[in-house]
Amino acid sequence: MNDNYAGKTTLISGGAGGIGLALAKEFGSLGMNVVIADIDMVALGTAENELKEAGLNVLACQLDVTDYQQWEQCIAAAQKEFGKLHMVVNNAGVGGIPGKIEDTDHATWRWVIDVNLMGVLYGTQAATPAIKAHGEGGWIINVASMAGMMGVPYSSAYAATKAAVVSMTESWAVELKPHNIHVSALCPAFVKTRIHESLRNKQEKYQTVPSKEKVIDKEKLKKNFNAAAALVESGISTELLAKRVVEALNSGQQYIFSHPNYRQATSYRAALIDGAFDDAQQSELVKHLIDDEIASL
Ligand SMILES: NC(=O)c1ccc[n+]([C@@H]2O[C@H](COP(=O)([O-])OP(=O)(O)OC[C@H]3O[C@@H](n4cnc5c(N)ncnc54)[C@H](O)[C@@H]3O)[C@@H](O)[C@H]2O)c1
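Predicted, not measured: the structure shown is a model, and the values here were computed from it.

## Comments concerning empty space enclosed by the protein
Empty space among the atoms can be located by rolling a probe the size of a water molecule over them.
Reasoning step 1: Under the counting rule described, the total for this entry stands at one cavity of 30 Å³ or more.
Reasoning step 2: Taken as a whole, the largest cavity encloses approximately 80 Å³ of empty space.
Reasoning step 3: In this structure, the largest cavity is lined by 13 residues; those nearest its centre are I97, T104, S155, S156 and A157.
Reasoning step 4: For the lining of the largest cavity, the leading source of residues is helix 5 (residues 156-176), giving three residues.
Reasoning step 5: Per-class residue counts for the lining of the largest cavity are seven nonpolar, five polar and one charged.

## Points about the confidence of the model for the protein chain
Reasoning step 1: Across the protein chain, the average pLDDT comes to 94, with 97% of residues at 70 or higher.
Reasoning step 2: The element-level mean pLDDT for the protein chain is lowest in helix 9 (residues 288-295), coming to 81, with strand 1 (residues 9-13) highest at 99.

## Here we look at the site of the ligand
Reasoning step 1: Around the ligand there are 30 residues in total, and D38, N91, Y158, V191 and T193 lie nearest to it.
Reasoning step 2: Within the backbone of V191, an N or O atom sits 2.8 Å from an oxygen atom of the ligand.
Reasoning step 3: For the ligand, whose free accessible area comes to 830 Å², the fraction covered by protein is 98%.
Reasoning step 4: Breaking the shell around the ligand down by element, the ones donating at least two residues are helix 1 (18-29) and helix 5.
Reasoning step 5: By residue class, the composition of the shell around the ligand is 15 nonpolar, nine polar and six charged.

## Observations concerning the sheet that holds strand 5 (residues 138-143)
Pairing between the strands of a sheet is mediated by backbone hydrogen bonds and can be parallel or antiparallel.
Reasoning step 1: Strand order in this open sheet of seven strands is 3-2-1-4-5-6-7, and the pairing throughout is parallel. The open sheet has two edge strands with one neighbour each: strand 3 (58-62) and strand 7 (255-257). The average undirected angle you get between the axes of adjacent strands in this sheet is 20 degrees.
Reasoning step 2: Sitting on the sheet, helix 3 (residues 68-82) is in contact with strand 1, strand 2 (33-38), strand 3 and strand 4 (87-90), with an inclination near 160 degrees to strand 3.
Reasoning step 3: Each of strand 4, strand 5 and strand 6 (181-187) touches helix 4 (residues 106-134); the most contacted strand, strand 4, lies at about 180 degrees to it.

## Things to note about the state of the cysteines
Reasoning step 1: Tallied over the entire structure, the rule returns one disulfide.
Reasoning step 2: What pairs with C61 in a disulfide is C74, and their sulfur atoms sit 2.2 Å apart. With the S-S dihedral at roughly -95 degrees, the linkage between C61 and C74 falls on the left-handed side. Of this pair, C61 sits in strand 3 while C74 sits in helix 3, placing them 13 residues apart in sequence.
Reasoning step 3: Among the residues examined, C74 registers a relative accessible area of 0% and is labelled buried.

## Description of the packing of helix 1 against helix 7 (residues 238-250)
Reasoning step 1: Where helix 1 contacts helix 7, the axes come no closer than 8 Å and their chain directions differ by 55 degrees. In terms of orientation, helix 1 lies oblique with respect to helix 7. Crossing geometry of helix 1 relative to helix 7 is assigned as right-handed. Along the contact surface, helix 1 presents G18, I19, A22, L23, E26 and F27, while helix 7 presents T238, E239, L241, A242, K243, V245, V246 and L249.

How each quantity is defined
- Every chain begins its residue count from 1, and numbering advances along the sequence as written.
- Local features are withheld for residues below a pLDDT of 70 in this predicted model, meaning they are given only at 70 or higher, and side-chain atom pairs are given and counted only at 80 or more; totals for whole chains, interfaces and linings count all residues.
- The side-chain figures draw on all heavy atoms in the structure; neither hydrogens nor water molecules are used.
- Think of a 1 Å grid over the protein atoms and nothing else: a 1.4 Å probe that fits but is trapped marks a cavity, an open set flanked by protein within 12 Å on at least five of seven lines marks a pocket, and residues with an atom within 4 Å of a point count as lining.
- Grid points are joined across faces, edges and corners, and a volume is the space filled by probe spheres set on the points.
- Runs of E in the DSSP output that reach at least two residues are strands. Runs of H or I that reach at least four are helices, and both are numbered from the N terminus.
- In this classification, Asp, Glu, Lys and Arg are treated as charged, Ala, Val, Leu, Ile, Met, Phe, Trp, Tyr, Cys and Pro as nonpolar, and every other residue, Gly included, as polar.
- pLDDT is defined as a per-residue confidence score from the predictor, taking values between 0 and 100.
- When at least one non-hydrogen atom of a residue lies within 4 Å of a molecule or strand, that residue is treated as near it.
- N or O atoms closer than or at 3.5 Å make up a polar contact, with two conditions inside protein: a donor-capable atom paired with an acceptor-capable one, and, for residues adjacent in sequence, both atoms drawn from side chains.
- Surface accessibility in these figures is a Shrake-Rupley result with a 1.4 Å probe; residues are shielded only by whichever protein chains are displayed.
- The pairing criterion for strands is at least two bridges between them, as found by DSSP.
- Axis lines are fitted to C-alpha atoms, over the contacting stretch for helices. Their N-to-C directions set the angle, which ranges from 0 to 180 degrees.
- In this description, contact between two residues means that some pair of their heavy atoms is separated by no more than 4.5 Å.
- Here, a disulfide means two cysteine sulfur atoms that sit within 2.5 Å of each other.
- When accessible area is computed with a 1.4 Å probe and restricted to protein chains, residues below 20% of their type maximum are described as buried, those above 50% as exposed, and intermediate ones as partly exposed.
- In these notes the angle categories are as follows: under 35 degrees is roughly parallel, over 145 is roughly antiparallel, 65 to 115 is roughly perpendicular, and the rest is oblique.
- For any helix crossing, the convention is left-handed if the near helix is rotated counterclockwise from the far helix by under a right angle, and right-handed if that rotation is clockwise.

Right, here's the structure in full:
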């Protein structure tokens, strides 16, 4: 199966740490050229050295995923260095700030939407022509989350963007299939990374001055972050997740799940939806629509 990957090129956003760096190592070990792109230049330099020392073909590129021009520059740099681009991993993401809906400011929502949703859109838009151009096909791997498969109380901005990533994946998978580009959504539950410390990556443009009425309860915020940290710490390793990604890609999965114990969450959601359809089917107001449809066949 390594023949699938060897000599091809992957570009991984948020590749300087966490899941992105583990994927860089895994795809590199399969013989891929690896472009790691990240907003954190210090971490990027360290990761580049580590990958080079492991004997991998690596290029490091500065990238804020909310900036489309920087995406174009990184893709051009990848093509210049390695010839062709075959895979983009839209991995860069931020966790936002856990808290009640009425306590979450709009700048934080905008930050989470721009990085987690627009960043994935920009990466796919910029990479698709480059992958289509050589006609060899390829992969777009969007890092969503189990949070995209279910709502997450006190983290609705994060969950909303991850649901959008799942939805974009479902649309693009059909759209790009004729070009032999496989699009998948990686949906892990907790993985041991620094996602709970995402504020370190919050750009200046999303910082807010708290309004006079809204006094931030720092103790409450600290408690929320500590709870998030404990969950992330309980997660699986990035190395295990990276191996699981390759395993699922090799069997052609569109949704990549790493935590089979979370199946209940999606089953519960599916059952709720099914029950709501039963309700519509019995509704005096709309049940005739089924008969109308059958009659029109
Ligand atoms: N850790 C988990 O439990 C978990 C679970 C499900 C999904 N995810 C998703 O996995 C992805 C990777 O996160 P992680 O857990 O490795 O977290 P992490 O914080 O350890 O790594 C995120 C990386 O993205 C980079 N980054 C942040 N903002 C960026 C931006 N604007 N432009 C470019 N790079 C940026 C960071 O510098 C860092 O290198 C995210 O999309 C996250 O939502 C994580």
